[in-house]
Amino acid sequence: MILLALFTSLLMSCSQKNAPNEDHQMKVFIDDLMGKMTLEEKLGQLNLPSSGDITTGETSSSDIAQKIKEGQVGGLFNIKTAEKIRAVQKVAVEQSRLKIPLIFGMDVIHGYQTAFPIPLGMSCSWDMGLIEKSARIAAQEASADGICWTFSPMVDISRDPRWGRMSEGSGEDPYLGSQIAQAMVKGYQGDDLRKNNTILSCVKHFALYGAIEAGRDYNTVDMGRIRMYNEYFPPYKAAVDAGAGSVMTSFNEIDGIPATANRWLLTDILRKAWGFSGLVVTDYTAILEMTDHGLGNLKEVSALALAAGTDMDMVADGFLTTLKESLDEGKVTQQEIDQACRRILEAKYKLGLFEDPYRYCDENRAKTEIFTPENRQVARGIAAQTFVLLKNDNQTLPLQEKGTIALIGPLADNKENMTGTWSVAADFSKSVSLLEGLRNAVGTQAQVLYAKGTNVVSNPKLDARISIFGKPTQWDKRSQQEMIAEAVAVARKSDVVVAAVGESAEMSGESSSRSDINIPENQKELLEALLATGKPVVIVLFTGRPLTISWEKANVPAILNVWFAGTEAGNAIADVLLGKVNPSGKLSATFPQNIGQIPLYYNHKNTGRPLAEGKWFQKFRSNYLDVSNDPLFPFGFGLSYTTFDYKNLKLSGLSLTADSKFTVSVELTNSGNYDGAEVVQLYLRDLVGSVTRPVKELKGFQKIFLKKGETRIVEFTLTEKDLRFYNENLQLVSEPGDFKVFVGTSSDNTLEAGFVLK
Ligand code: NOJ
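Residues numbered from 1 in each chain as written. Predicted model: local features only at pLDDT ≥ 70, side-chain atom pairs only at ≥ 80, totals over all residues. Heavy atoms only, no water.

Caption draft 1: Seen up close, the overall build of the protein. Across its full length, the protein holds 22 helices and 27 strands. At 26 Å, the protein has a C-alpha radius of gyration in line with the 27 Å of a compact globule built from 758 residues. Each of the three principal axes of the protein carries a C-alpha extent, and together these read 75 × 65 × 45 Å. Every one of the 758 residues in the protein was classed for burial, and the buried ones make up 62%. (Helix = DSSP H or I, 4+ residues; strand = E, 2+ residues; numbered from the N terminus. Rg over C-alpha atoms; globule rule 2.2 N^0.38 Å. Buried < 20%, exposed > 50% of the residue type's maximum accessible area, 1.4 Å probe, protein only.)

This is the structure we're talking about:
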């Protein structure tokens, strides 16, 4: 066995590290400042109240301006506009004793006013350049509006689409998730945090939030360490390695200890093993919530959180109100308080707030750099790259730009629901609906007729729950029969039917778990009625998670999954429907056939009783009586209007050694009738290990654009590093032996070859 690197080796992040000289200057400055601070002022720095504009839990802080004057606030979030932030900052730097500037945070998750697709959608672009660009634009706009800290990227791996927050992450794969985490950190933070258009990123939710039981939000997590290290930790670590300036603790417990009080997680792993030197902030009221977890009263849990390595308390007021007493009682140390305070001051220093507290409050920038035509144009282009064509029988798509198109469905004419969950800065009235986008695109070439067809859901109580945060589903009081009859009449007059169906924006996201992830039954009835007209039907599927659309796959000729595509949704969808852009998105999360298969993911273990390939059922094998083991749509899957052929998978040798490089190449041909892009995916399988290894793991991908008829040799370079994993002792190792390499168009459609690691 080659023992390559111990897990405890420090892989220090580099991009946001100060030069030694700057570090020294920062230390001198902060030493001096802290020398002047009272205990109360230090505790004030650890306090992060919400301004109250937007809440996602119970708020307990009040009278914020007074607290700022008294030095009891370190930062504020959920507040925007350069003007408002300037006014609040002014209180801090003119009316508090030490004039320490505040740090201003916000959930800038997928764009700011120019909203990009939800993160799950963005991940399906498999385009790191575009993802970085979207984060760059988000930072540019947010920083022009007073914000210098975003609570993003959310990098939680999840294999459970019942969990509404899958929409906020990058899907199920640690490798893809890691690349995306890095691209986003780079996009937000750029190469210099002090610039007025870069902002501090915050990796969340540390850790394992995506593995909550039963997909029920905020639920318990219980996971073995090998899985943790190999499958769930990588994206957090990748973000830290990319220089992320802050980390947010997750709500869930890990091995019985909530993340916010988990010393092993926050200190042994994050700081000591990964070398993270930035600031750790809790999630919203996470300290207070540890009382409900059963860890003690507010004073006790606050002390636990600080001792574990938490620096800043979001909203719970626990640090501010209890740590002094805990210090007097010897439950926490002065050193722990100082350390936390120092990290917060360091973040402010790195952002340049001590030099200029109004650095991000330039009202002129706010007027000229937010929601610009250029940014919207980029958003439109990016959105089209995130759509996944799931089915396209008889080349139903692209649509012809002539005749009559029936656009039907509860998501067809609904601006408010285009940006998806967590788009707190977006002005929904400016989003482009599909109806608008399609009508703009076809102009006078074709006629677009519209009917709503049905509501998003049929139960008014459920409708009220999902019509929140300014995103009404626009409940129609007419009966289902009446709406369907109108839709059918419109369909009959048309040449083709586009059905805009699926979830509304807030059916996924935080606190939006679902135990049934079908398209709602009333929408299915609509689809049945539309199919019965005999017209070709195209589903434009809006969703924040994989859905169990087995019936739709079996019955509807074409399905384009558009997630929630942001401000420019309608234009971007029209671009793809009409073939101006050829779809190239690939799924970053498996679509199960039914809910009983969950968790279903491509990089699973083989078990001791695997089902034979191609079989539906075998007695005493790992399978179900009533459904095959196959996914409905596998990880990495996505069609194009053109076709791609893979041939001649070649390896540069039969073996790889610790210091050699190894080339894997494949011949890719665009064999269809359209120019288009293909995401070429490379997977590995370690055939024999000291611990069980997944049947396949993504280890490389390239997005290749080919003109129709064009052929290209696509090459990947592998090194021994790509074969490493955490073993029984949690050491990062590679083990000599046989490997398989797979290259292809999705996780279940590949060419394969073998090689040996010597
Ligand atoms: C709770 C969410 O879990 C987290 O993702 C978000 O950043 C905070 N609220 C702040 O809004």
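Caption draft 2: Just the packing of aromatic side chains, in detail. Taken as a whole and judged by the stated rule, the model has 28 aromatic pairs. Each ring, one from Tyr-229 and one from Tyr-726, has its centre 5.3 Å from the other, and the planes form 75°; the classification is edge-to-face. Here Tyr-229, found in helix H8 (residues 225-232), pairs with Tyr-726, found in strand E24 (residues 725-726); they are 497 residues apart in sequence, far enough to count as distant. When its relative accessible area of 10% is taken as the criterion, Tyr-726 is described as buried. (Phe/Tyr/Trp six-rings, centres within 6.5 Å; stacked < 30°, edge-to-face > 60°.)

Caption draft 3: Structural detail: the pattern of salt bridges. One pass over the structure, following the stated rule, counts 47 salt bridges. Its salt-bridge partner being Glu-503, residue Arg-545 comes within 2.5 Å of it at the nearest N-O pair. With a gap of 42 residues between them, Arg-545 in the loop between strand E16 (537-542) and helix H21 (550-555) and Glu-503 in the loop between strand E15 (496-502) and helix H20 (521-532) connect regions that are remote in the sequence. Judged by its relative accessible area of 0%, Arg-545 falls in the buried class. With a relative accessible area of 0%, Glu-503 lands in the buried category. Where salt bridges share partners, they join Glu-22, Arg-194, Glu-355 and Arg-359 into one cluster. (Salt bridge = Lys/Arg side-chain N within 4 Å of Asp/Glu carboxyl O.)

Caption draft 4: Inspection of unusual backbone geometry at higher detail. That bond from Phe-206 to Ala-207 is cis: its omega, 5°, falls within 30 degrees of zero. Tracing the sequence through the fold places Ala-207 in the loop between strand E6 (202-206) and H8. Cis geometry is found at the peptide bond from Ile-598 to Pro-599, where omega equals 0°. Considering the arrangement of structural elements, one finds Pro-599 in the loop between helix H22 (569-577) and strand E18 (644-651). Although it is not a glycine, Gln-395 sits at a positive phi angle of roughly 45°. Assignment of secondary structure puts Gln-395 in the loop between strand E12 (388-392) and strand E13 (404-408). With a relative accessible area of 57%, Gln-395 lands in the exposed category. Even without glycine at this site, Phe-469 takes up a positive phi of about 55°.

Caption draft 5: Region of interest: the pairing of strand E27 (residues 749-757). Strand direction decides the pairing type here: strand E19 (residues 655-656) and E27, joined by two bridges, are parallel. If you follow Leu-656 over to E27, its bridge partner there is Leu-757. Direction of pairing for strand E26 (residues 737-746) relative to E27: antiparallel, over a ladder of nine bridges. Bridge pairing in E27 links Val-741 to Ala-753. Here E26 folds back onto E27, and the loop between the two strands holds two residues. (Pairing = 2+ DSSP bridges.)

Caption draft 6: Broad picture of the pairing of E15. Taking burial as the measure, the seven residues of E15 include seven buried ones, the bulk of the element. Neither face of E15 is open: one carries Val-496, Val-498, Ala-500 and Gly-502, the other Val-497, Ala-499 and Val-501, and all of them are buried. One ladder, built from four bridges, connects E13 with E15; its direction is parallel. Pairing of Ile-408 across the sheet is with Ala-499, part of E15. Chirality of the crossover, the property in question, places the unit of E15, H20 and E16 among those that are right-handed. (Right-handed = clockwise from strand over helix to strand, strands pointing away.)

Caption draft 7: Local environment of the sheet that holds strand E3 (residues 75-77). Reading across from one edge, E3-E4-E5 is the order of the three strands in this open sheet, with parallel pairing throughout. A single partner strand is all that each edge strand has here, and the edge strands are E3 and strand E5 (149-150).

Caption draft 8: Spatial organisation of the packing of H8 against helix H9 (residues 234-241). Interaxial distance between H8 and H9 falls to 6 Å at its minimum, and their mutual angle equals 50°. The angle between H8 and H9 falls in the class oblique. Mapping the contact onto sequence places Met-228, Tyr-229, Asn-230, Glu-231 and Tyr-232 in H8 and Pro-234, Pro-235 and Tyr-236 in H9. (Axes fitted to C-alpha atoms, helices over the stretch in contact; angles between N-to-C directions. Parallel < 35°, antiparallel > 145°, perpendicular 65-115°, else oblique. Contact = heavy atoms within 4.5 Å.)

Caption draft 9: Just helix H19 (residues 480-492), in detail. Its 13 residues give H19 an end-to-end C-alpha distance of 18 Å, which sits within 8% of 18 Å, the value for a rise of 1.5 Å per residue. Every buried residue of H19 is listed here: Gln-480, Met-483, Ile-484, Ala-487, Val-488, Val-490 and Ala-491. Looking down the long axis of H19, one finds its buried residues gathered within 160° of arc, a one-sided arrangement. Seen from the open side of H19, the exposed residues pointing more than 90 degrees away from its buried face are Gln-481 and Arg-492. (Expected span 1.5 Å × (residues − 1). Arc of directions from axis to C-beta.)

Caption draft 10: View of the nonpolar core. One finds Trp-149, Phe-206 and Phe-233 to be the most contacted residues of the largest nonpolar core, which totals 92 residues. Tallying contributions element by element places helix H14 (residues 334-350) first for this core, with seven residues. Not counting residues up to four positions away in its chain, the partners in contact with Phe-233 are Phe-206, Ala-207, Leu-208, Met-228, Trp-264, Leu-265, Ile-269 and Trp-274. With 79 residues, the next largest nonpolar core counts Ile-405, Val-456, Val-501 and Leu-547 among its residues. (Core = buried A, V, L, I, M, F, W, Y, C linked by side-chain atoms within 4.5 Å.)

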